[in-house]
Amino acid sequence: RDPELRSRVGARARDDVRQRYLTRSIAASVSSAWKRLAECGTPAQRALVVNFVLRAPLAHTGGGYKKIFLLAHFLADRGHDVHLYVEPIAHLRGKSLEQIRDFCADHFGSSDATIHRGHGQIGPSDVAVATNWPTAPVVAQLENARLRSYFLQDYEAEFYERNDPLRRAAERTYDLPLLMIGIGRYLARRLGER
């Protein structure tokens, strides 16, 4: 009922969000967290279970899926227990687990990371990583992940026309309770403006 108090509380809340929660304000700490994650797994430290949740990866396109697999292989090569849960849609529809694994190895290399078919049986993890907007709700609903995150490489809502319902669906994923891990200053700025 007090307009002045309401204004002060709102301003403090806005400042708190800007200082502690926007991608641009936590970029350094997120980068540091990824580096610490990569350095774990030495005999003196416990390896982490990291689950990447992705759609059918596209070969011969931009570097998005290449970066996901590069990160997964990097972590697996350092002793972490890495799993990639691949949705069998589009060009992988009807493919067996072995065919999906062969496709991924042929196009994205291989490591000790384990590839799984589908999102139905995602195992427990220390870190679960959504890799694009359709996988963000899947990761947000996981109850068996200690940390749920969203690896953003593009502002995917802008892939769609303004009146496309998919644009709004993609936009809503940025409000999910996931730790945002964005690549580049553009994403930090864009999410900060949002």
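Residues numbered from 1 in each chain as written. Predicted model: local features only at pLDDT ≥ 70, side-chain atom pairs only at ≥ 80, totals over all residues. Heavy atoms only, no water.

**Student:** Please explain the layout of surface pockets as it appears in this structure.
**Tutor:** Where empty space is left can be seen by rolling a probe of water-molecule size over the atoms. Here the largest pocket defines a volume of roughly 500 Å³. Together, 24 residues line the largest pocket, and Tyr65, Asn132, Asp154, Glu156 and Phe159 are the ones closest to its centre. Elements supplying a minimum of two residues to the lining of the largest pocket: α3 (64-77) and β5 (145-152). Considering each element in turn, the lining of the largest pocket owes the most residues, four residues, to α3. (1 Å grid on protein atoms, 1.4 Å probe; cavity = no way out; pocket = protein on both sides within 12 Å on 5 of 7 lines; lining within 4 Å. Points joined across faces, edges and corners; volume = space filled by probe spheres on them. Helix = DSSP H or I, 4+ residues; strand = E, 2+ residues; numbered from the N terminus.)

**Student:** Teacher, can you tell me more about the packing of aromatic side chains here?
**Tutor:** Scanning the entire structure with this criterion turns up five aromatic pairs. Taking 4.5 Å as the distance between ring centres and 5 degrees as the angle between the ring planes, the aromatic pair formed by Phe69 and Phe108 counts as stacked. Here Phe69, found in helix α3, pairs with Phe108, found in helix α4 (residues 97-108); they are 39 residues apart in sequence, far enough to count as distant. Overall, the relative accessible area of 10% leaves Phe108 in the buried class. Here Phe103 and Phe108 contribute two aromatic rings whose centre-to-centre distance is 6.5 Å and whose plane-to-plane angle is 65 degrees, an arrangement assigned as edge-to-face. As far as the burial class goes, Phe103 and Phe108 line up, both buried. (Phe/Tyr/Trp six-rings, centres within 6.5 Å; stacked < 30°, edge-to-face > 60°. Buried < 20%, exposed > 50% of the residue type's maximum accessible area, 1.4 Å probe, protein only.)

**Student:** So what exactly am I meant to see when it comes to the nonpolar core here?
**Tutor:** Here is a general trend for soluble globular proteins: nonpolar side chains tend to be buried in one another's company. Counting 28 residues, the largest nonpolar core has Val50, Phe52, Val82 and Leu84 as the members making the most contacts within it. The dominant element in this core, judged by the number of residues it contributes, is α3, at seven residues. Leave out the neighbours within four places in its chain, and Val50 touches Leu75, Asp81, Val82, His83, Val127 and Val129. Of all hydrophobic cores here, the second largest spans 22 residues; its members include Ala136, Leu142, Leu152 and Met180. (Core = buried A, V, L, I, M, F, W, Y, C linked by side-chain atoms within 4.5 Å. Contact = heavy atoms within 4.5 Å.)

Read these as spatial facts, not as claims about activity.
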